Amino acid sequence: MKKTGLILIIVLVGLLGAGAGVYRHFSGFDKVVKEKFEGRLWELPARVYARPQVLYPGMELFSQALAQELVLMGYQRVRLLQELDVPGKYIQKKNQFTLFCRPFDFGDRQTPACRLVLEIEKNKIMTLKNLDTGLVLDMVQLDPVLVGSFFPVSREDRILIDLTNLSSLLPDTLICVEDRGFYTHSGVDFQAILRAMLVNIRNWEMTQGASTITQQLARNFFLTKEKTLTRKVNELFMAAALERNHDKQQIIEAYVNEVYLGQDGNRAVHGFGLASVFYFGKSIQDLQAHEVALLVGMLKGPSYYNPRKYPDRATSRRNTVLRMMGDQHLISGEQMETQLAMPLGVIETPMQGNSPFPFYLDLVKRQLLTEYREVDLRSMGLRIFTALDPQVQMAARQTLSSQLKKISAEKKIGMLEAGVVVTATGSNEIQALVGGNHPHDKGFNRALNARRPIGSLIKPAVFLTALSRPNAYTLVTRVDDGPITIKVQDGKDWVPENFDRHYHGQVPLYLALVNSYNVSSVRMGMDVGLSNVLETLQKMGVKRDAPLYPSSLLGSLEMSPLEVAQMYQTLASGGFYSPARSIRAIYTPQGKLLERYPLTIEQRLDPGAVFLVNKMLQAVVLDGTGKSLKEILPRDLGVAGKTGSTNDLKDSWFAGFTGNRLAVVWVGRDDNQTCNLTGSAGAMQVFGHLMNQISNQALDLVVPENVEWAVVDAITGLRTDETCSNAMAIPFINGSVPNKVTSCTGRLPVGKIKQKPRYLIDWLKELVK
C-alpha cells in the first residue's frame, strides 16, 4: 500500500513538473506574441510617387505622352466600354481617351474613382467630361505613378489591407479552403490533426497536413519552415498564444497581409493587397470571385501555380477553389458556372518592384538621407510625394538614348555618356533626371556625380558681374578681344585664345557673349575681379568657397549637371534663388503629414542685370553659338541658352530655358577622353529634341522696374534721335544711358520709326555692320 502511494506521489509530482515545464514554455511564447503584435507587425518599404497628372480643358497635352503615363500607372488598355468595369482601365481611340480613374489617398485629401472622357486636339485637351453624368469637368487629378520603393533587407513588399473595408468574400474563401473550423477551434484543430495522421499512415507518406490558419500565421511570423517535431510543437504553442491574446478578426487580417504569394525578381510579394495589384493590376476591392479564387488557390504553392508560367495548372486550381466556394454557398451556382468560364485575367506585365526611373529615385534617397535614417526609409512605410513628371522623364530618357545613338553613328564616336536635369523655372522642382545612356541602370549617376569642367557655361556669371556695374558696362560697351597675357600662380604666362584661334578687336559686349569669345570674357572677368565673379556664382547657387583662378573664367571650374541647373535656375527666375528640390511632402501610412517642402524664394541678383544677360542668352540661340537650335525648336519659343565646351572637346554642355522649363545636358566620356563634340554639336542636340517632345511656354522676358529703353546710334552706341537711320532702341539699367548725344547722318522716312523688338538680336546684330 505504501509502495502504491509512493508511486502515485511520484507520478503526480512528475505530472506537476511536466505541467510546470509546459506552462513555462507556453509563457515564453505568450510573451513573444504580445511583444510582436503590440509593435509594428511588418517592415513596410517607403513608397515614392511622382507628381499626379492634373487634367483640365485647354491644357497642353500630347496623346502619346498621356498613353505612356497611363501604362506607367499600371492602367490596362481595353477595347470595349463594357470592359471599363473597374478603376485602372482605359480605352484609347486615336486622340480620345475614356478612362476609369482609380481613387487615391494623398494624405491630406482623397480623390474618388471617376469614369471620364477626354479629347485632345492639336495637343490640347478640348473636352473633359464625366462619362456617367455627361457633366463638363473643370479639373481631374489622376493617381500618381509609383516611382519606386526603398525595401527592407528582407525585400518583402506588401500593401496592407483593412478587412473592415472589404466584402467578406476573401476571408470566407480563405476559411473555406484553408481552415473550415477557424471560428470553433482555439488555434489548433486536433480532429483535423488526427484525420491527417490516419491518412498519412494509410498512404505511408506525408500527403496531408492539418495546420490551421492560426498555425500558418504563427509559423510565418515566428518560426522557420524546417520540418522537425520541435518546430511543430513550438508552432502549436505559438498558435495557442495567438488565440489567447487576439480575436479571430485580428488573426485573419494578419494572415491576409502576411502570406507569401509570389516573386518579382528579388522582391517577395506578400499579402493579398499587393498580389491583387501584381497579378491583376487592380485593387483588392475590385476583384471578382474567380480572381479571389486564383489568389487563394495559389497559397498551396505560389511557384507551382504561378499563373504567368503555368496557366493550365493555375486555372485548374482556381476552378477547384471556385467549386468549393459554390459548395459552401459563398457564391451561387449560377455565379460559379459564370466564373468557371472566365479567363484567368492576369495582366502580362506587372508593376515591377524595380523603379522605372532609378536615377531619379537615387536623387530622392540622397535628399531623404539628410533628414531620415536609412532603416526608417526601409521599414516605416513612408509615402513620399515628389515633383517627378513622368512625361518629361520619359522624354528625357528616350531623347538621350536616341540622340546619343545618332551622334555616335554620325561622328563615329563610341562610349558616349550623358547626364540630363530638367526643372520647373518657377519653383526649381526637379521634373526629370537621367544619369546615363543606359537609363535602367542603377550605377554611376552622372547627373549628380559627374563633376566636369563646365567650359563657357560660366560666362553668363562673368557678364552678370560686369553688368551689375552699369556705370562701367552696358550691352553696347566696347570690350577688347585682342591678345592678353596673364601671370598665373606658378609665375608662368597664360595666353587665352578664342575657339576660332582669331582675335576680334573691339566688339560690343553683347557680341562677346553671343559668340562666346574667350579673350574678351577673360579680360572683363579680370577687370571686375575674380572674387566678385565668385560672389556672383555663389549668389546663383554654386556652393564653392575656394578662390577662382584666371582659367576659371573659361570654365575650368568643375560642376555636375544638377549644380549647373541650380546656377542657371537663378537666371531663369529673374534673379530669385530657390533651392532645387525633388520632394514635395512625406506622409505616414496612416496619412499623417511628417514633412512638407514648400517653395522658398530669395532675391539674390539685380533683376536689371539678369534681364540684360537673359536677353543676350536669347541672342546666343538666335544668332550665336546656339543658332542651329532654331532648326529644331520654333523661333517664337524664345529659348535662352548657352553652349559650353572644354579643352580638347572632352565635354559638351548646354544649359537653356523656356518660359516654364530649364534643362541642362552634359555629354562626354567616362574615361575623360575627347568626345570631339562642341556644345552645339552634342549636348544642345539632346536639349533641342527633348524640349521638342514636351510642352513648353514661350519665354517672354518681363522688363524690370530698374531697366529703361533708350534710342542709341547703332554705330557709335551714343544717344540719338529715333528718326535717325542708325537708331535702335536698347535696354539699359537705370542711370547707365549714355549722356553724350550724336548727330544724325541720315533720316528715316516718315512713319518708319523703329520700335523696341522682342528679341535683342533683331537689332543688336546690326551694331557691327
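See the structure above.
Residues numbered from 1 in each chain as written. Predicted model: local features only at pLDDT ≥ 70, side-chain atom pairs only at ≥ 80, totals over all residues. Heavy atoms only, no water.

Undergrad: So what exactly am I meant to see when it comes to the sheet that holds strand S11 (residues 146-150) here?
TA: Picture the strands of a sheet paired through backbone hydrogen bonds; they go either parallel or antiparallel. Across the sheet, 5 strands lie side by side as S11-S1-S15-S25-S26; this open sheet has mixed pairing. Pairing within the sheet leaves two strands with one partner each, and these edge strands are S11 and strand S26 (593-596). For this sheet, the mean inter-axis angle between neighbouring strands, taken without regard to orientation, is 15°. Sheet analysis places strand S25 (residues 583-587) next to S26, joined by 3 bridges and oriented antiparallel. The residue of S26 that forms the bridge with Ala585 is Arg596. Helix H12 (residues 358-368) rests against strand S1 (46-49), S11, strand S15 (383-386) and S25 of the sheet, and its axis sits at about 50° to S11. (Pairing = 2+ DSSP bridges. Helix = DSSP H or I, 4+ residues; strand = E, 2+ residues; numbered from the N terminus. Axes fitted to C-alpha atoms, helices over the stretch in contact; angles between N-to-C directions. Contact = heavy atoms within 4.5 Å.)

Undergrad: Explain the nonpolar core here, please?
TA: Nonpolar side chains in soluble globular proteins generally cluster together in the buried interior. Counting residues in each nonpolar core, the largest one holds 146 residues, and the members touching the most others are Leu99 and Ile384. Counting residues per element, this core draws most heavily on helix H21 (residues 607-623), at 10 residues. Discounting residues that sit within four places of it in the chain, Ile384 has contacts with Ala46, Arg47, Val48, Tyr49, Phe150, Val364, Leu368, Ile583, Ala585 and Ile586. Listed in part, the 52 residues of the second largest apolar core include Cys176, Ala254, Leu287 and Ile331. (Core = buried A, V, L, I, M, F, W, Y, C linked by side-chain atoms within 4.5 Å. Buried < 20%, exposed > 50% of the residue type's maximum accessible area, 1.4 Å probe, protein only.)

Undergrad: For this particular structure, what's the right way to read a nonpolar patch on the surface?
TA: A grouping of Phe576, Leu599 and Ile601 is seen on the molecular surface, where their side chains present a nonpolar patch of about 250 Å² in accessible area. Relative to the assigned elements, Phe576 resides in strand S24 (residues 576-577). The partly exposed category is assigned to Phe576, whose relative accessible area is 31%. (Patch = residues over 30% accessible without salt bridge, like charges linked within 9 Å, V, L, I, M, F, W, Y side chains within 5 Å. Areas by Shrake-Rupley, 256 points an atom, 1.4 Å probe, with all protein chains shown as cover. Salt bridge = Lys/Arg side-chain N within 4 Å of Asp/Glu carboxyl O.)

Undergrad: Quick question: what am I supposed to make of the packing of aromatic side chains here?
TA: For any two aromatic rings, the description comes down to two numbers: the centre-to-centre distance and the angle of the planes. Considering all chains together, one arrives at 10 aromatic pairs under this definition. When the ring of Phe106 is compared with that of Phe385, the centres are 5.9 Å apart and the planes differ by 35°; the resulting orientation is tilted. One end of the pair, Phe106, is in the loop between strand S6 (104-105) and strand S7 (110-111); the other, Phe385, is in strand S15, with 279 residues separating them in the sequence. With respect to burial, Phe106 and Phe385 carry one shared label: buried. For the ring pair Tyr304 and Tyr305, a centre distance of 4.9 Å and an interplane angle of 85° mean the geometry is edge-to-face. Here the aromatic residues Tyr49, Phe104, Phe106, Phe385 and Tyr587 are joined through ring pairs into a cluster of three or more. Taking NZ or CZ as reference, Arg115 lies 6.0 Å from the ring centre of Phe100, over its face. Here the basic side chain of Arg313 rests over the ring of Tyr304, its NZ or CZ set 4.0 Å away from the ring centre. (Phe/Tyr/Trp six-rings, centres within 6.5 Å; stacked < 30°, edge-to-face > 60°. Lys NZ or Arg CZ within 6 Å of the ring centre and 35° of its normal.)

Undergrad: When you look at the pattern of salt bridges in this model, what are you seeing that I'm missing?
TA: Any two side chains of opposite charge can pair, so long as their charged atoms come close to each other. Enumeration according to the criterion identifies 30 salt bridges in this entry. For Asp108, the salt bridge is made with Arg596, and the minimal N-O distance between the two is 3.5 Å. With a gap of 488 residues between them, Asp108 in the loop between S6 and S7 and Arg596 in strand S26 connect regions that are remote in the sequence. Judged by relative accessible area, Asp108 falls into the partly exposed class, the value being 46%. The class for Arg596 is partly exposed, based on a relative accessible area of 41%. Across the pair Arg501 and Glu497 runs a salt bridge, and its minimum N-O distance is 3.6 Å.

Undergrad: Got a minute to help me understand unusual backbone geometry in this structure?
TA: A negative phi holds for most residues other than glycine; trans holds for most peptide bonds. Notably, Asn428 is not glycine yet its phi reads approximately 60°, a positive angle. As for its position among the elements, Asn428 is in the loop between strand S16 (417-424) and strand S17 (430-434). Non-glycine residue Ser516 carries a positive phi angle of around 55°. Summarising the element assignment, Ser516 is placed in the loop between helix H17 (509-514) and helix H18 (518-528).

Undergrad: What am I meant to see in helix H7 (residues 248-258) here?
TA: Every α-helix winds through 3.6 residues per turn, so residues three or four apart in the chain are directed the same way. Counting buried positions along H7 yields 8 of 11 residues, so the element is predominantly enclosed. For H7, the full list of buried residues reads Lys248, Ile251, Ile252, Ala254, Tyr255, Val256, Asn257 and Glu258. N-capping of H7 is provided by Asp247, with a side-chain oxygen placed 3.2 Å from the backbone N of Gln249. (Polar contact = N/O pair within 3.5 Å; in protein donor to acceptor, adjacent residues only side chain to side chain.)

Undergrad: Can you help me understand the packing of helix H2 (residues 63-72) against helix H14 (residues 390-411) in this one?
TA: The relative placement of two packed helices comes down to the angle between their axes together with the axis-to-axis distance. Between H2 and H14, whose axes approach to 9 Å, the crossing angle comes to 105°. For the element pair H2 / H14, the angle class is roughly perpendicular. Residues Ala65, Leu66, Gln68, Glu69 and Leu72 of H2 pack against Pro390, Gln391, Met394 and Gln398 of H14. Taken together, the residues that form the contact of H2 with H14 break down as 5 nonpolar, 3 polar and 1 charged. (Parallel < 35°, antiparallel > 145°, perpendicular 65-115°, else oblique. Nonpolar A, V, L, I, M, F, W, Y, C, P; charged D, E, K, R; others polar.)

Undergrad: Sorry if this is basic, but what is going on with the sheet that holds strand S4 (residues 89-93) here?
TA: The strand order S3-S4-S5-S8-S9 describes an open sheet built from 5 strands, whose pairing is mixed. Of all the strands in the sheet, the pair left with one neighbour each is strand S3 (76-77) and strand S9 (124-130). The sheet contact formed by strand S5 (residues 96-101) and strand S8 (residues 114-121) spans 6 bridges and is antiparallel. Bridging from a neighbouring strand, Phe100 pairs with Arg115 of S8.

Undergrad: Looking at this structure, how should I read the packing of helix H9 (residues 289-298) against helix H10 (residues 311-327)?
TA: Running from amino to carboxyl end, H9 crosses H10 at an angle of 110°, the nearest separation of the two axes being 8 Å. Taken as axis vectors, H9 and H10 run roughly perpendicular relative to one another. Relative to H10, H9 is oriented so that their crossing is right-handed. Here Ala289, His290, Ala293, Leu294 and Gly297 of H9 come into contact with H10, specifically with Ala314, Arg317, Arg318, Val321, Leu322 and Met325. Tallied by class, residues from the contact of H9 with H10 come to 7 nonpolar, 2 polar and 2 charged. (Left-handed = near helix turned anticlockwise from the far one by under 90°.)

Undergrad: Any chance you could explain the environment of Pro704 here in plain terms?
TA: As for its position among the elements, Pro704 is in the loop between helix H22 (683-691) and strand S31 (707-713). Overall, the relative accessible area of 15% leaves Pro704 in the buried class. Residues Pro704 and Gly608 lie 96 residues apart in sequence; the distance between their C-alpha atoms is 5.9 Å. With residues near it in sequence (within four places) discarded, Pro704 still touches Pro607, Gly608 and Phe611.

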